[in-house]
Amino acid sequence: MTQHPTPLSTPARTAVAGRSVRRRWGAQDLSLIAVFAALLVVAAVVPPLQIGNVLSVPLTLQTLIITLTGLLLGAGRAFAAVGLYTLLGLLGLPIFSGFRGGLAILAGPSAGYILSFPLAAALVGLLAGIVIRRNLRARALWLGIAGIAGIAGLLLNHALGIVGMMLNGKLGLTAAITADAVFIPGDLVKIALAVLLALSLHRAFPQLLRNR
């Protein structure tokens, strides 16, 4: 006797349809991607702090915005937002620190940091999304996971930055690590600020990432 599959009930069909819809980006998602790309432009326009490292790589607010983007938007949308910013800068818009832009950036000592931006945002978003989808009420858990996510993004950013300084700045590994180390204290402070901001925003807008 042939068994026919049991039709889905209306609630089940609605749930399946809901999951399908959530996988697609709508107008709100595209708006958020554009807004956070614009925030990165603003962060780059703020005069960078030259901290006197050997290759004069500037200290900017972009680490804060990249971490915040990952924590708020999740992996996919964060990668799209930061990737859009990076792509526009490489295409020639003067939206990198110091009003720079164009492919010539890839030959400079900051190339590794810039290319790491979309990857770091996606990594932060991926790790943060794990806990947000489960229990945002557990403040200690959220702060811990978000902090770990931010540090993971920081490590990726700095690792590629070191590689960029070695390739384009002709530094040895030890010299590149030393040049990079001066950024770490400031970046840790920016990550802490991003985590606290993200926690407040997720409490105000609880569905911002949970259904992604």
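In this report, we go over the structure that sits alongside the text. Model, not experiment: these values are computed from the prediction.

**A word on the overall build of the chain**
Across its full length, the chain holds eight helices and zero strands. Along the chain direction, N to C, the helices and strands of the chain fall in the order α-α-α-α-α-α-α-α. For the chain, the proportion of its 212 residues judged to be buried stands at 42%. Sequence-distant contacts in the chain: of pairs separated by 6 or more residues, those separated by 24 or more amount to 72%. Here the chain displays about 11100 Å² of accessible surface, and carbon together with sulfur accounts for 72% of that area.

**Some words on unusual backbone geometry**
A positive phi angle, close to 55°, is found at Phe 99, a residue other than glycine. Considering the arrangement of structural elements, one finds Phe 99 in the loop between α3 (62-90) and α4 (111-132). Positive phi values are uncommon outside glycine, yet Lys 170 reaches one of about 55°. Turning to its location among the elements, Lys 170 is positioned in the loop between α5 (139-168) and α6 (173-181). Judged by its relative accessible area of 70%, Lys 170 falls in the exposed class.

**Some words on helix α2 (residues 27-45)**
Compared with the 27 Å implied by 1.5 Å per residue over 19 residues, the 27 Å span of α2 between its first and last C-alpha is a close match. Of all the positions in α2, only Asp 29, Leu 32, Ile 33, Phe 36, Ala 37, Leu 40, Ala 43 and Ala 44 are classed as buried. End-on, the buried residues of α2 take up no more than an arc of 130°, which puts them together on one face. Within α2, the exposed residues directed more than 90 degrees away from the buried face are Ala 27, Gln 28 and Val 42.

**Section: the environment of Ala 152**
Tracing the backbone through its elements, the reader meets Ala 152 in helix α5. Distance from Ala 152 to Leu 127, taken between C-alpha atoms, is 8.8 Å for residues 25 residues apart in sequence.

**Examining the packing of α2 against α3**
Remark: α2 packs on α3, axes separated minimally by 9 Å, with the N-to-C direction vectors making an angle of 135°. As judged from the angle between their axes, α2 and α3 are oblique. Of the two elements, α2 crosses α3, and the hand of that crossing is left-handed. In this structure, α2 uses Asp 29, Leu 32, Ile 33, Phe 36, Ala 37, Leu 39, Leu 40, Val 41, Ala 43 and Ala 44 to contact α3, whose residues at the interface are Gln 62, Ile 65, Ile 66, Thr 69, Leu 72, Leu 73, Arg 77, Ala 80, Ala 81, Val 82, Leu 84 and Tyr 85.

**Observations concerning the packing of aromatic side chains**
Aromatic ring pairs: the centre-centre distance and the angle between the two ring planes describe each pair. Taken as a whole and assessed by the stated rule, the structure comprises two aromatic pairs. Plain terms: the ring middles of Tyr 85 and Phe 96 are 5.5 Å apart, the flat faces sit at 85° to each other, and that makes the pair edge-to-face. Pair noted here: Tyr 85 is in helix α3 and Phe 96 is in the loop between α3 and α4, with a separation of 11 residues, a long-range link. Classification of Tyr 85 as buried rests on a relative accessible area of 1%.

**With respect to empty space enclosed by the protein**
Throughout the structure, instances matching the rule amount to two cavities of 30 Å³ or more. Each pocket or cavity is described by its volume, and for the second largest cavity that value is around 70 Å³. Lining the second largest cavity are Thr 63, Ile 66, Thr 67, Phe 117, Ala 120, Val 124, Gly 150, Gly 153, Leu 154, Asn 157 and Ile 191. The set of elements that each furnish at least two residues to the lining of the second largest cavity consists of α3, α4 and α5. In terms of residue class, the lining of the second largest cavity is made up of six nonpolar, five polar and no charged.

**Observations regarding α6**
Of the residues making up α6, those classed as buried are Ala 176, Ala 179 and Asp 180. Down the axis of α6, the buried set is contained in an arc of 100°. They therefore lie on one face. Set apart from the buried face of α6 by more than 90 degrees, the exposed residues are Thr 174 and Thr 178.

**Here we look at a nonpolar patch on the surface**
On the surface, a cluster of nonpolar side chains totalling about 440 Å² of accessible area is made up of Leu 84, Leu 87, Leu 88, Leu 91 and Leu 93. Turning to its location among the elements, Leu 84 is positioned in helix α3. A relative accessible area of 33% means that Leu 84 is categorised as partly exposed.

Parameters and conventions
Residues numbered from 1 in each chain as written. Predicted model: local features only at pLDDT ≥ 70, side-chain atom pairs only at ≥ 80, totals over all residues. Heavy atoms only, no water. Helix = DSSP H or I, 4+ residues; strand = E, 2+ residues; numbered from the N terminus. Buried < 20%, exposed > 50% of the residue type's maximum accessible area, 1.4 Å probe, protein only. Contact = heavy atoms within 4.5 Å. Areas by Shrake-Rupley, 256 points an atom, 1.4 Å probe, with all protein chains shown as cover. Expected span 1.5 Å × (residues − 1). Arc of directions from axis to C-beta. Axes fitted to C-alpha atoms, helices over the stretch in contact; angles between N-to-C directions. Parallel < 35°, antiparallel > 145°, perpendicular 65-115°, else oblique. Left-handed = near helix turned anticlockwise from the far one by under 90°. Phe/Tyr/Trp six-rings, centres within 6.5 Å; stacked < 30°, edge-to-face > 60°. 1 Å grid on protein atoms, 1.4 Å probe; cavity = no way out; pocket = protein on both sides within 12 Å on 5 of 7 lines; lining within 4 Å. Points joined across faces, edges and corners; volume = space filled by probe spheres on them. Nonpolar A, V, L, I, M, F, W, Y, C, P; charged D, E, K, R; others polar. Patch = residues over 30% accessible without salt bridge, like charges linked within 9 Å, V, L, I, M, F, W, Y side chains within 5 Å. Salt bridge = Lys/Arg side-chain N within 4 Å of Asp/Glu carboxyl O.

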